[in-house]
Each structure stands twice: as structure tokens, then as C-alpha cells.
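Each chain is listed here by its residues.
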Amino acid sequence: MSQHFYHQNHTRVRPSSLFEDVSPLFYETLWKSQRKDTQCQAFVKRVIMSRLFKIIMISTVSTNAFFMVLWTDYKTRYNLFRLFEVSELIFVSIYSSEFCMKLYVDPINYWKDGYNLLDVIIIIIIFIPYSLRKIKGKHYPYLNIADGVQSLRILKLIPYSRGIRTLISAMGQTACTVASVLVLLFVLMYVFAVLGFCLFGVPESADLNNWGNLALAFFTLFSLATVDGWTDLQQQLDARNFTLSRSFTIIFILLASFVFLSMFVGVMIFHTEDSVKKFERELMLERHMTLMEEKHVILKWQQEEVSKLMQTQKNVDHKSFTELVEKFKKTLRHTDPMVLDDFGTSLPFIDVYLSTLDNQDATIYKLQELYYEIVHVLSLMLEDLPQRKQSQSLEKVEEK
């Protein structure tokens with residue numbers, strides 16, 4: 001029993017020791033497997049995120065859609081056959097390059113984005129006709145379907161349009177609510193389909209074309225729900241003298257069209273407005289972040305300039321402070337916004353500001369001395385004025 005206990009303890013200790021031996025090797029292997037082309041990766045990422053790249057991709061997808069419109073005309077396709085072939089090679093090359101660049105930047109998180117998966121599906125769809133022509137030949141009967149599905153290429157515009165993405169996100173948010181509304185509408189149509197089949201499809205003068213079975217009843221109710229040709233359907237029921245037909249039609253149209261479809265539209269509008277407001281908040285946040293980044297860059301640049309100014313003042317003794325300030329003013333640009341809140345609390349700015357105050361104090365002190373001198377001179381002149389008047393009056397008396 002003691003041996004068995006020792007064996008159990010031995011087996012329990014052994015895995016932990018193996019884990020301790022393997023974990024450093026695992027982390028070492030993982031460290032060695034890290035990417036060493038970070039600079040190239042960052043450069044490709046900047047290219048993908050640049051505005052020029054987005055403009056190129058939007059122009060490419062739009063041009064491809066335009067060429068597909070021209071391709072649907074037989075005469076144009078026959079006359080510009082070579083142009084279509086060359087343009088197709090260019091478009092496929094651009095789409096493949098975009099896929100490779102995005103996959104190179106982030107090969108793991110690339111597959112977590114739904115729009116990237118949409119791009120992958122579109123690229124697979126693009127290569128389906130080429131594969132079918134190579135495998136099945138040019139006369140394969142389903143080749144036209146593969147060519148028609150190529151119209152999905154225009155969906156590549158979705159990742160580059162934030163407005164479309166906002167609408168898609170709104171539709172995604174309404175999926176559960178819309179599904180509940182559709183289930184309720186299906187239940188309503190099921191009840192009225194069975195009721196309509198029993199009322200208008202079973203008697204001898206039954207309307208078998210519209211209410212002959214449950215499938216036809218569902219299709220007829222769908223026409224009534226969309227209010228498409230409901231008067232013709234009602235006339236056919238009136239021609240067979242069904243007494244409850246008008247009440248049946250009015251009640252179903254009120255419930256299906258005016259209630260459920262209005263509810264469906266209201267849910268879509270509500271979630272669309274919510275997504276639009278969220279989109280506007282994201283735009284405001286991005287603008288604020290961009291402004292803060294620009295502000296930080298300008299603040300850092302101004303602090304460096306002020307630091308250089310203070311260093312110059314310390315190193316160069318023969319230059320006056322006003323000359324340094326004038327030199328600093330020349331470095332300012334009119335296009336830069338003025339940063340006051342953070343810049344005003346920085347030490348270099350406080351140092352420059354205090355130096356400016358010292359100069360202002362010196363200037364005010366000189367002006368005060370000048371004022372005192374002026375007042376002293378004026379007081380002396382006022383003191384001499386009566387004596388001069390008396391001397392002048394004495395001179396006049398003596399002359400007389």
C-alpha cells in the first residue's frame with residue numbers, strides 16, 4: 001500500500017516537473033517565432049490605411065462595375081473583347097494584391113473581421129469561372145450562373161463606405177426584433193391561410209386557383225399583405241358569392257399591412273437612427289482624437305522651440321531678450337492652432353513669461369523715473385515763475 005501511495009505521488013509530481021521544463025522552451029520558441037519585419041509590416045499598414053489606397057480601391061471597384069455593365073451588351077462585348085480581358089486581369093490582380101497585403105499585415109486578426117471574410121468570399125467567387133472553364137470546359141451549362149454571380153464584386157465597396165457599414169450594423173441590430181415580427185406575421189398568415197382554405201377552397205364553388213391548398217393560400221395572403229392586386233382577388237371571391245370574403249380581406253389587410261408591416265418599418269427606422277447617432281458620436285470622437293494628436297505635436301514643437309530659446313539666452317550673452325523673442329516669432333506658423341491650456345503650465349513657458357515680466361518691470365521702473373524727473377522739472381519751473389514775474393514787474397517800474 002505504501003508503494004502504491006508512493007507511485008501515485010510520483011505520478012502526480014512528474015507532470016508538473018515536465019510542465020516546468022517545457023514552458024521555458026515554449027516561451028523561447030514563441031519569442032523566436034515573432035515577426036522580425038516589423039518595419040515592413042508598419043509600412044504596408046500605413047499604405048493600406050492611407051487615403052490614396054482607399055481612393056484607388058473605390059475607383060477600381062467602380063470601374064469594374066462599369067465594365068460589367070458594358071459587358072452585358074453583346075455588341076460592345078464583341079467589339080471590346082480584348083479590353084475586357086486585359087481589364088479583368090488588372091482587376092483580379094488588384095483584388096488579390098489587396099488580400100495579400102491585408103493578410104500580411106495581420107494574418108491572425110484578419111479572419112476575425114466580417115468585412116475581410118466578405119472580401120475572401122468575393123475573391124473565391126472571382127476565381128470560380130476560371131476554375132470551371134479549366135475543369136468543365138467553356139460549354140458547361142452552369143457557367144452563366146458563375147459569370148452572373150460576379151456582380152457581387154461591387155460589395156467590395158462596403159468596407160470603404162462608413163455610411164453603408166452603419167446601415168448594415170443597424171440591420172444586424174434589428175435581426176432579433178425583425179425575426180420576432182416575421183414569426184408573428186407567419187403565425188397570423190398561418191391562421192388566416194387555414195381559415196381561407198376552409199372558407200374559400202373547400203366548397204363546390206371554391207376558388208381553387210387562389211385558395212385550393214395551403215401553399216396557394218399563403219401566396220394569396222402574401223399578395224394581400226403587400227396590397228398588390230387585392231382588388232382583383234376580392235372580385236374573384238365576390239363573383240362566387242362568398243359572404244365573409246370582404247370581412248376576411250379587410251381584417252387581414254388591417255392586421256398584416258397596417259400593423260405588422262408598419263411595425264417592421266418602425267423597428268428598422270428606430271435602429272437606423274440609433275446607428276446613425278452612434279456613427280456621429282464615433283466621428284466626433286475621431287475628430288477629437290485627431291485634434292488632440294495635432295495639439296500634442298504642436299505643443300511639443302513649441303516647447304522645444306522655447307527650450308532652444310532659453311538655452312540660447314543662457315549661452316549667448318550679447319543678445320538681448322527682445323532679439324531672441326523676435327527670432328522665436330519667426331519660427332511660428334500662421335496655420336498652427338494656438339495651444340494655451342497645457343502650454344501655459346509648462347516650465348519653459350513660465351520661465352519665458354517671468355523673463356518678460358522682468359523686462360516689463362524694468363521698463364515701468366524707467367518710465368517712473370522719467371515721470372519723476374518731469375515732475376521735478378515742472379515743480380522747479382513753477383517755483384521760478386513768481387520770481388520771474390516780480391523781476392519783470394520791477395524792471396517795468398524802473399523803466400517808467
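Scroll up to find the structure this text is about.
Residues numbered from 1 in each chain as written. Predicted model: local features only at pLDDT ≥ 70, side-chain atom pairs only at ≥ 80, totals over all residues. Heavy atoms only, no water.

Enquirer: Describe in detail the nonpolar core, supporting the description with residues and values.
Expert: One recurring pattern in soluble globular proteins: nonpolar side chains tend to sit buried together. Counting 21 residues, the largest nonpolar core has Leu188, Trp211, Leu221 and Phe252 as the members making the most contacts within it. Where this core is concerned, the elements lending two or more residues are helix H9 (175–201), helix H11 (214–225), helix H12 (230–239) and helix H13 (245–315). When residues of this core are assigned to their parent elements, the largest contribution, 7 residues, is made by H9. Core analysis: the second largest hydrophobic core is formed by 14 residues, Val44, Phe67, Val92 and Ile122 among them. (Core = buried A, V, L, I, M, F, W, Y, C linked by side-chain atoms within 4.5 Å. Buried < 20%, exposed > 50% of the residue type's maximum accessible area, 1.4 Å probe, protein only. Helix = DSSP H or I, 4+ residues; strand = E, 2+ residues; numbered from the N terminus.)

Enquirer: Go over the pattern of salt bridges, please, and point to the residues and values.
Expert: Close approach of charged atoms lets side chains of opposite charge pair. Across all of its chains, the model carries 9 salt bridges by this definition. The partner of Arg153 in a salt bridge is Glu88, with the nearest N and O atoms 2.4 Å apart. You can see Arg153 sitting in the loop between helix H7 (143–148) and helix H8 (162–173) and its partner Glu88 sitting in helix H5 (residues 81–105), a full 65 residues away along the chain. You'll find Arg153 and Glu88 in the same group, each marked buried. One salt bridge connects Asp147 with Arg133, and the closest N-O pair in it is separated by 3.3 Å. Of this pair, Asp147 sits in helix H7 while Arg133 is found in helix H6 (residues 114–135), placing the two residues 14 residues apart along the sequence. The structure contains a network of salt bridges with shared partners spanning Glu98, Lys102, Asp119 and Lys156. (Salt bridge = Lys/Arg side-chain N within 4 Å of Asp/Glu carboxyl O.)

Enquirer: With reference to specific residues and values, describe unusual backbone geometry.
Expert: In this structure, Asn241 is a non-glycine residue whose phi angle is positive, near 60°. Secondary-structure assignment places Asn241 in the loop between H12 and H13. A relative accessible area of 65% places Asn241 in the exposed class.

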